[in-house]
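Next come the chains, spelled out residue by residue.
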Amino acid sequence: MTVYRQWFCNCHGLPQQLDSEVLYDQEATEPACKHCGATPLSDPKKTISFRDQEEWDD
Ligand SMILES: [Zn+2]
């Protein structure tokens, strides 16, 4: 089972999923909102939220 963390930004009223790239064997690049630039670590307006998705491979 793999857990994916999906990040969202609510700056436009509706949650928009952030683009993020997870590279195997490397640290994930930090997702950033393409509208307001907020990231999970830089979220001055508190618009960032996340949801964990479980994926079962078998
Ligand atoms: Zn945003």
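Please read these numbers as outputs of a predicted model, since none were measured by experiment.

Rules of the game
- Residues numbered from 1 in each chain as written.
- Predicted model: local features only at pLDDT ≥ 70, side-chain atom pairs only at ≥ 80, totals over all residues.
- Helix = DSSP H or I, 4+ residues; strand = E, 2+ residues; numbered from the N terminus.
- Buried ≥ 20, exposed ≤ 12 C-beta atoms within 10 Å, placed from the backbone.
- Contact = placed C-beta atoms within 7 Å.
- Pairing = 2+ DSSP bridges.
- pLDDT = per-residue confidence, 0-100.

1. What about the overall build of the protein chain?
- Across its full length, the protein chain carries zero helices and three strands.
- Listing each helix as α and each strand as β along the protein chain from the N terminus yields β-β-β.
- Across the 58 residues that make up the protein chain, the buried fraction comes to 12%.
- A separation threshold of at least 6 residues defines the contact pool for the protein chain, and within that pool the share at least 24 residues apart is 51%.

2. Observations regarding the sheet that holds strand β2 (residues 16-17)
- The three strands are arranged β2-β1-β3 in an open sheet whose pairing can be described as antiparallel. Across the chains shown, the open sheet's two edge strands, defined by having one partner strand only, are β2 and β3 (48-55).
- Pairing analysis gives two bridges linking strand β1 (residues 2-9) to β2, with the strands arranged antiparallel. Residue Cys9 lies in a different strand from β2, and its bridge partner there is Gln16.

3. Quick look at the confidence of the model for the protein chain
- On average, the protein chain scores 84 in pLDDT, and the residues at 70 or more come to 83%.
- Per-element confidence in the protein chain is highest for β2, whose mean pLDDT is 92, and lowest for β1, whose mean pLDDT is 88.

4. Topic: the environment of Asn10
- Relative to the helices and strands, Asn10 is located in the loop between β1 and β2.
- Asn10 sits in the partly exposed class, given 16 other C-beta atoms within 10 Å.
- As a C-alpha pair, Asn10 and Ile48 span 38 residues in sequence and 6.5 Å in three-dimensional space.
- For Asn10, the contacting residues outside a window of four places in its chain are Pro15, Thr47 and Ser49.

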